[in-house]
Amino acid sequence: MTFIHINNLTKRFGGNLAPAVNQVSFSINKGEIVSLLGPSGCGKTTALRMIAGFENPCEGTIQIDKEYIVSESSVTPAEKRGIGMVFQEHALFPHMTVAKNIMFGLKHMKRSQKIQRVKEMLELVELEDYAESVPSRLSGGQQQRVAIARALAPRPHVILLDEPFSNIDAGLREKMRYDISAILKKANATAIIVTHDQKDAFAVADKIVVMKEGMIQQVSTPKELYRCPSNCFVAQFVGKTNLLQGIVDSTGTGIETSVGTFDQMPAVLQSPHSKVMLSIRPENISVSETGRYSGFVDRIVYGGDSQEIHLTAEGHRGLAPTPLLINAPISFDIEVNEQVRFDISSNDITVIE
Ligand SMILES: Nc1ncnc2c1ncn2[C@@H]1O[C@H](COP(=O)(O)OP(=O)(O)O)[C@@H](O)[C@H]1O
Ligand SMILES: [Mg+2]
């Protein structure tokens, strides 16, 4: 059931500038973790600040639990929205203990209730032993967990996190992603997490909202986003891919490309002879001695358990040769300049435009 509904949210900072956030609409279910994902400057923080109430939208509405916190005619102040916020720099009070930091947001409660709630939050983020420490004694990841505990303590309708992984060392990020999603799920929190990193979003989100230049590109589960990107930007932003132009053949079921013909495409909706764009993930191209398509290896990049083979596919029917990337098992023996044959199953090709 839709819990938060954001409709046509728009923000312009300057008169003639393109809007920083442009007619953004999406919904969030209760207990769902949604990630706003996009490159730096695409409007993620501005969108989050409008939801939090730190910035007024030029247009659009926001509903939480059916109530308008931003409507055509009224705007609920930030502190009355029931929203928890975790800022990029954690923003803990340095002179207060961890317990006092968490207690800070608890108003209108008896002291005994406050103490009980702080205890619950310390358990949730597994920092019971640090209740009386000041934040500077804690690691970055621990401070992060205090900030989340503080935001969750007043039981907000939704918690907003802006780039929560950006100040965390690369080596700790994976653990932090796991910790944050585990904490949010355990607390049954509804959350919006802003990030520019595809890996963050894929690791923590139930649903991803991809943004570019203020506009939503796609709203999907991580799996769907990866498998069926709705345009070239999304295809390239979430993982590596091969983009190929093609022309639908006269039967309407095959596609001609510079790499070769792909027959029996499962869902080519375009009419014969129309131009299409195809996305083929490198791991969906299989090397094989009897492969139908071929090319010559330009470069090989070894990963731990696989190798990236950069090749130039031989031009099909007079079309220009095309660079391709294949992700092959490390056991496959091949050298630079050698010919490589490969197959692509039509099920693994996504027609994106
Ligand atoms: N207070 C502001 N005044 C003017 N322009 C702003 C302001 N805040 C953000 N912007 C502009 O809005 C765009 C989106 O910024 P932001 O929401 O911070 O992007 P992101 O968080 O995705 O990196 C950028 O072009 C930025 O320069
Ligand atoms: Mg930002």
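For every chain, the first residue of its written sequence is number 1, and the numbers climb from 1 along that sequence. Here the convention is simple: chains get letters from A, ligands get numbers from 1, in the order in which they are written. The model is predicted, so local features are restricted to residues of pLDDT at least 70 and side-chain atom pairs to those at 80 or more, both for listing and for counting; the totals for chains, interfaces and linings are taken over all residues.

1. Considerations on the pairing of strand 6 (residues 83–86)
Residues of strand 6 alternate between two faces, with Ile83 and Met85 on one and Gly84 and Val86 on the opposite face, all of them buried. Strands are treated as partners if at least two bridges between them are detected by DSSP. In DSSP terms, a helix is any run of H or I states spanning at least four residues, a strand is any run of E spanning at least two, and both are numbered starting from the N terminus. In the sheet, strand 6 pairs with strand 7 (residues 158–162) via four bridges, with the strands oriented parallel. The residue bridging Ile83 from the neighbouring strand is Val158, located in strand 7. Three exposure classes are used, based on other C-beta atoms lying within 10 Å of a residue's own C-beta, which is placed from the backbone: buried for 20 or more, exposed for 12 or fewer, and partly exposed in between.

2. Quick word on the sheet that holds strand 12 (residues 255–257)
Note on sheets: strands pair through backbone hydrogen bonds, and any given pair is parallel or antiparallel. Pairing is antiparallel in the open sheet, where five strands are placed in the order 13-12-11-14-20. The open sheet has two free edges, formed respectively by strand 13 (261–262) and strand 20 (349–351), since each of these has just one partner strand.

3. Some thoughts on the site of ligand 1
Being near a molecule or strand means, for a residue, that its C-beta atom, positioned from the backbone, comes within 6 Å of it. Contacts to ligand 1 come from Phe13, Ala20, Gly38, Ser40, Gly41, Cys42, Gly43, Lys44, Thr45 and Thr46. Three residue categories are used. Nonpolar comprises Ala, Val, Leu, Ile, Met, Phe, Trp, Tyr, Cys and Pro, charged comprises Asp, Glu, Lys and Arg, and polar comprises the others, including Gly. Tallied by class, the residues present in the shell around ligand 1 amount to three nonpolar, six polar and one charged.

4. A few points about the domain arrangement of the chain
Frequently, the measure chosen for interface size is the accessible area that the parts lose on association. Note that the domain bounds reflect an automated or database-derived domain assignment. Its domain assignment divides the chain into domain 1 (2–230) and domain 2 (240–351). Taken over C-alpha atoms, the centre of domain 1 sits 40 Å from the centre of domain 2.

5. Remarks on helix 3 (residues 111–124)
In this analysis, the expected span of each helix is defined as 1.5 Å times one less than the number of residues it contains. Over its 14 residues, helix 3 extends 20 Å from the first C-alpha to the last, a length consistent with the 20 Å expected when each residue adds 1.5 Å. Of all the positions in helix 3, only Arg117, Val118, Met121 and Leu122 are classed as buried. Each buried residue of helix 3 lies within a common arc of 140° when the element is viewed along its axis, so the set occupies one face. Exposed residues on helix 3 whose side chains face more than 90 degrees from its buried face are Ser112, Gln113, Gln116 and Glu123. In this fold, the buried residues of helix 3 make contact with helix 2 (98–103) and helix 4 (140–152). Looking one or two places after helix 3, you find Glu126, whose phi comes out positive at around 55°. Think of it as the arc spanned by the lines of direction from the helix axis to the C-beta atoms. By the convention adopted here, residues are in contact when the distance between their C-beta atoms, placed from the backbone, does not exceed 7 Å.

6. Details of the nonpolar core
Among buried residues, those of type Ala, Val, Leu, Ile, Met, Phe, Trp, Tyr and Cys that are joined through C-beta atoms within 7 Å form a set called a nonpolar core. Of all hydrophobic cores here, the largest spans 68 residues; its most connected members are Ile148, Ala149, Ile159, Leu160, Ala191 and Ile192. Counting residues per element, this core draws most heavily on helix 4, at six residues. If we ignore the near neighbours within four places in the chain, the residues touching Ile192 are Val34, Leu36, Leu48, Ile51, Val158 and Leu160.

7. Considering the environment of Asp305
Within the secondary structure layout, Asp305 lies in the loop between strand 16 (293–302) and strand 17 (306–313). Using a count of 8 C-beta atoms within 10 Å as the deciding quantity, one classes Asp305 as exposed. A sequence separation of 31 residues divides Asp305 from Val336, and the C-alpha atoms of the two residues are 19 Å apart.

8. What about the packing of helix 4 against helix 5 (residues 170–186)?
For any two helices packed against each other, one specifies the crossing angle of their axes together with the interaxial distance. Where helix 4 contacts helix 5, the two axes come as close as 11 Å, and the packing angle between them is 20°. In this view, helix 4 runs roughly parallel relative to helix 5, as classed from their interaxial angle. For the element pair helix 4 and helix 5, the recorded crossing hand is right-handed. In contact with Gly141, Gln144, Arg145 and Ile148 of helix 4, helix 5 contributes Leu172, Met176, Asp179, Ile180 and Ile183. Grouping the constituent residues of the contact of helix 4 with helix 5 by class yields five nonpolar, two polar and two charged. Angles run from 0 to 180 degrees between N-to-C directions of axes, and those axes are lines fitted to C-alpha atoms, restricted for helices to the stretch in contact. Angles below 35 degrees are treated as roughly parallel, those above 145 as roughly antiparallel, those between 65 and 115 as roughly perpendicular, and all remaining angles as oblique. By convention, the crossing between two helices is left-handed when the near helix turns anticlockwise from the far helix through less than a right angle, and right-handed when the turn is clockwise.

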